[in-house]
Structure formats: C-alpha cells, structure tokens
Amino acid sequence: MQKFTYNTPVCAAYFTLILQTASAMPEHQLPVILEEIPEKEMARYPVRRTKGVKTFVRTKPGGVLMPATYAHLAKRFYNLELRSDDVVVAAYPKSGTVWVAEVVWTLLNPHALDTLEAKPHHHRATLLDMDFLHPTRAEDNSPLLQRFLSECPGGRLEDGMTLQLAAVAPSPRILKTHLPINLLNPDMLNICKVVYVARNPRDVCVSLYRFLGMMKGVTVPVEFQDFAESFMSGSLHYGPYWDHLEQAWRHRDHPNLHVVFYEDMKKDVLQELKKLSSFLGRSLTDDQLRSIVEYTSFGRMKARDAKFPVVDLNGSFFRKGEIGDWKNMASPQLDALMDGWIKEKSRGTGITFKYE
Ligand code: A3P
C-alpha cells in the first residue's frame, strides 16, 4: 500500500475521502468467461511459437482468442484505472496503432518534437497488452524490469508489469491496446478520450502475416491463403476483426471517441491531424501541424526505429506503410472470397474502406 504524507488536516481528510471513494468503487465483473483451448485445436492454429506463451484461452461470448496469460489479468484490464487526461489508442493489430499513438503524443507535445530522436516510442506510449503478449520474467533482467523494480517497489510481476508502470506514470498518459473496447473498463468513455484506429481488413491481414513472419520465436507455417482464411474466420489472436471494429464503431458519436481510418491518414494526413487535434482539445498552428506530419512520416518513424526498435524483429516494424499491399499477395480467388466477406460483414454498418 502506498504511503501518503499529509501537510495539513484538510489534505489528510481529502486523501482519506479519495481512498474511501476508491475502495468503495464496485469492481466491474468481466462480461465474458475464458475457456481454455484444447491442445488438439491449437495444433491447427496457423501461428507457432517456439518461445513465450504457448497456451491460449478464448472469450465466451465473443470468441476472442488470447494467450493464456491474459486470463488472470483480464479483470485488471476490465477495471483499469483511468485518468481524465489519458488518451487510449485502441486498434485491431496492424491497423496503424503506433503511427497514431506517435501522432497523438506529438499533438500533445508540439514543443518537444526534437526529443523524439532521443527516446524510444514506448517512453511516449505504453502498449498495455505486453503484460500478456510477452510477460516479463524475473530472470529477464531487462532495463524495463529494472525500471519496474525501482518505480514500483513491492510490485509483483504476475500482476502485470506494464499495468503497474502505467499506474505510476505521469500524466498525460497515452495507453495503447489491441483489446476490443468491450474488454476494457466499461466507464472508459466517460472518463477519458479514446482514439480508435481502423484499417481495411485486406491490408491488416497482409501486415499481420508479414509481421508474424518477422517475429523472433514465431513461425507461420502456412501459405497466405490459409492464413487469410483463419483471419476471416476470426480464429486468430484478438478474435474476429469485424466485432473488434464494431465495438468501437457503435460509439462513434460519443464525444470522447474518435475513429481514425488508416487510409484517410495516408490520403490527407494534415486534414486528419486537424481533426485529431480538435478532438484532443489542442489548437496548433499550421506550421506545428506540418512539423508533426514530417516527424511522424513513415520515413522518419522508420529511421527512428533503426535506433530504438518498436519491436525486436527480423526486419523493420515499418514494413511498407501503404494501402493495397494485398494486391501483391492475394490470388483472384482469395480476393473474391475476401470481397464477399467484407460485403457481408459491412452490410448496414455504414463502414466503407478506401483502396486508392
Ligand atoms: P505495414 O505492415 O503494411 O507496412 P500497428 O502499429 O497497428 O502494428 O500497425 C503497423 C502498420 O502500420 C505497418 O503496416 C506499418 O508499416 C504501418 N505504419 C506505421 N507507421 C506508419 C506511418 N508513419 N505511415 C504509414 N504507415 C505506418
């Protein structure tokens, strides 16, 4: 338990009130149960791990497949303590999460752009999911573990190192996650701002296939066609693509949610930055916005990645950064299959993607 020192009786009363209020807040009960996935079923999974978490659970309802390490942290994510000045950047994996998180940070810190070259991206935006994707072990002895030991004395790795580091991080925090919105704190939109990043499923699928192929300790022993079919059936990590998108899309008129499309960012980034800065309540000059466009361009982010990799991969996290790589990967038959799937799933949602 953290100790507070009080300067005045008024202050003491104030903290007592806060502590009482916090402890009186009811814990949200997880809206899903987590089922273990039998080994036989996992044998058909198109992604193999040679190290790290190898067992999986799935939410019921929802069918969201997650590493088994998620199971004991799920309640913590669902009860994540948020602050009014937090910005949560949520997205299905490979939708442009890192790009948008970097943009959000620069919009909040337009006078500190030159510091981007000096610190890794994770100092500006925390991927909370690391706690179950790649949980840190005591024997890892990484710089991040050292930071945890010094910043969170008494903290326990099994309670989520990233979650605990985020809890003591200064405001304003940028918190990234790939969890669908219904697995995050149900009060989130009433507390803080959320930016949801959407990208067309064709390119998400290609980007994910290529990303997993570059990951150390991971192999994808299937052809792209089979992988794309698994993606469409919703049986990969983080579950069905459309459910993920719809969880956010249904809140698109909420004043605290802003949906940004990767394709719109590619087409007219300045315009999207203006929308984002107004959503974040910031007023930036055109010069500042133009500098941000430059600092967060694919080329500049890729160059920074060479110094401080976002992920330690056999290749660059900043792979192509384009719309339409799908065309280079999919056969006409697969494209027709994907086309039918998109038409069926997007019918009546009002969601359309741009491919040019
Ligand atoms: P590709 O694999 O198609 O190149 P996420 O951050 O959600 O994992 O998404 C990663 C994808 O976003 C990758 O797509 C990456 O190249 C792309 N990306 C990252 N920064 C970008 C930028 N500044 N401009 C365009 N695309 C970017």
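Residues numbered from 1 in each chain as written. Predicted model: local features only at pLDDT ≥ 70, side-chain atom pairs only at ≥ 80, totals over all residues. Heavy atoms only, no water.

(A) Structural detail: the site of the ligand. As a matter of local geometry, the ligand sits amid 18 residues, with Thr 97, Ser 207, Tyr 262, Lys 320 and Gly 321 nearest to it. Taking Ser 207, its side chain carries an N or O atom lying 2.6 Å from an oxygen atom of the ligand. Between the ligand and the protein, one listed contact pairs an oxygen atom with a backbone N or O atom of Lys 320 at 2.7 Å. Contact with the protein chains removes 97% of the 570 Å² of surface that the ligand exposes when unbound. Ranked by residue count, the leading element in the shell around the ligand is helix α4 (residues 97–108), at three residues. For the shell around the ligand, the per-class residue count stands at seven nonpolar, seven polar and four charged. (Near = heavy atom within 4 Å. Polar contact = N/O pair within 3.5 Å; in protein donor to acceptor, adjacent residues only side chain to side chain. Areas by Shrake-Rupley, 256 points an atom, 1.4 Å probe, with all protein chains shown as cover. Helix = DSSP H or I, 4+ residues; strand = E, 2+ residues; numbered from the N terminus. Nonpolar A, V, L, I, M, F, W, Y, C, P; charged D, E, K, R; others polar.)

(B) Region of interest: the sheet that holds strand β5 (residues 87–91). Strands sit in the order β6-β7-β5-β8-β10 across an open sheet of five strands; the sheet is parallel. Bordering the open sheet on either side are β6 (126–127) and β10 (257–261), each of which pairs with just one other strand. As paired strands, β5 and strand β7 (residues 174–177) are joined by four bridges and run parallel to one another. If you follow Val 87 over to β7, its bridge partner there is Ile 174. Its contacts with the sheet place helix α11 (residues 241–249) against β5, β8 (193–198) and β10, and it is angled at close to 145° to β8. Of the strands in this sheet, β8 and β10 are in contact with helix α13 (residues 269–279), which crosses β10 at around 170°. (Pairing = 2+ DSSP bridges. Contact = heavy atoms within 4.5 Å. Axes fitted to C-alpha atoms, helices over the stretch in contact; angles between N-to-C directions.)

(C) The pattern of salt bridges, seen in detail. By the definition in use, this model includes 24 salt bridges. Between Arg 124 and Glu 102 there is a salt bridge, with the nearest N and O atoms lying 2.9 Å from each other. Note that Arg 124 is positioned in the loop between α4 and β6 and Glu 102 in helix α4, a separation of 22 residues in sequence. Taking relative accessible area as the criterion, Arg 124 reaches 9% and is therefore assigned buried. A salt bridge links Lys 216 to Asp 312, with the nearest nitrogen and oxygen atoms 2.9 Å apart. (Salt bridge = Lys/Arg side-chain N within 4 Å of Asp/Glu carboxyl O. Buried < 20%, exposed > 50% of the residue type's maximum accessible area, 1.4 Å probe, protein only.)

(D) Looking closely at the side chain of Arg 49. Along the chain, Arg 49 turns up in strand β2 (residues 48–49). Buried and unpaired, Arg 49 has no salt bridge, with Asp 129 as the nearest side chain of opposite charge at 11 Å. Among the polar contacts made by the side chain of Arg 49, one reaches the main-chain carbonyl oxygen of Lys 51 at a distance of 3.4 Å. Excluding its chain neighbours within four sequence positions, the residues that come into contact with Arg 49 are Lys 54, Leu 133, His 134, Met 215, Gly 217 and Val 218. (Lys, Arg positive; Asp, Glu negative; His and termini not counted.)

(E) Region of interest: the pairing of strand β3 (residues 56–60). For strand β1 (residues 33–36) and β3, the ladder comprises four bridges, and the chain directions are antiparallel. Following the sheet pairing, Glu 36 is matched in β3 by Val 57. Taken together, the three bridges between β3 and strand β4 (residues 65–67) define a ladder with antiparallel strand orientation. If you follow Val 57 over to β4, its bridge partner there is Met 66. In this structure, the hairpin formed by β3 and β4 is closed by a connection of four residues, where Gly 62 is found at a positive phi of approximately 115°.

(F) How the structure looks around the environment of Ser 346. Its place among the elements puts Ser 346 in helix α16 (residues 332–346). With relative accessibility at 14%, the residue Ser 346 sits in the buried group. Sequence separation of Ser 346 and Val 57 is 289 residues, and the distance between their C-alpha atoms is 27 Å. With residues up to four places along the chain from it excluded, the contact list for Ser 346 reads Trp 242 and Ile 351.

(G) Seen up close, the packing of aromatic side chains. Applying the stated criterion to the full structure yields 22 aromatic pairs. With a centroid separation of 5.4 Å and an interplanar angle of 70°, the aromatic rings of Phe 77 and Phe 132 are classed as edge-to-face. Taken together, the residues span a long stretch of sequence, with Phe 77 in helix α3 (residues 74–78) and Phe 132 in helix α5 (residues 130–133) at a distance of 55 residues. Relative accessible area serves as the criterion here: at 0%, Phe 132 is assigned to the buried category. Measuring from ring centre to ring centre gives 6.5 Å for Phe 132 and Tyr 238, while their planes differ by 55°; the resulting arrangement is tilted. Residue Phe 132 is found in helix α5, and its partner Tyr 238 is found in the loop between α10 (224–233) and α11; the two are separated by 106 residues along the sequence. As far as burial versus exposure is concerned, Phe 132 and Tyr 238 are alike and both buried. Site record: aromatic cluster; members linked through ring pairs are Tyr 92, Phe 231, Tyr 241, Trp 242, Trp 249, Phe 261, Trp 341 and Phe 353. One residue, Lys 193, lies across the ring of Phe 279, its end atom 5.2 Å from the ring centre. The ring of Tyr 295 has Arg 300 sitting right over it, with the charged end atom 4.6 Å from the ring centre. (Phe/Tyr/Trp six-rings, centres within 6.5 Å; stacked < 30°, edge-to-face > 60°. Lys NZ or Arg CZ within 6 Å of the ring centre and 35° of its normal.)

(H) Summary view of the environment of Ala 71. Secondary-structure assignment places Ala 71 in the loop between β4 and α3. C-alpha separation for the pair Ala 71 and Ile 33, spaced 38 residues apart in sequence, amounts to 9.2 Å.

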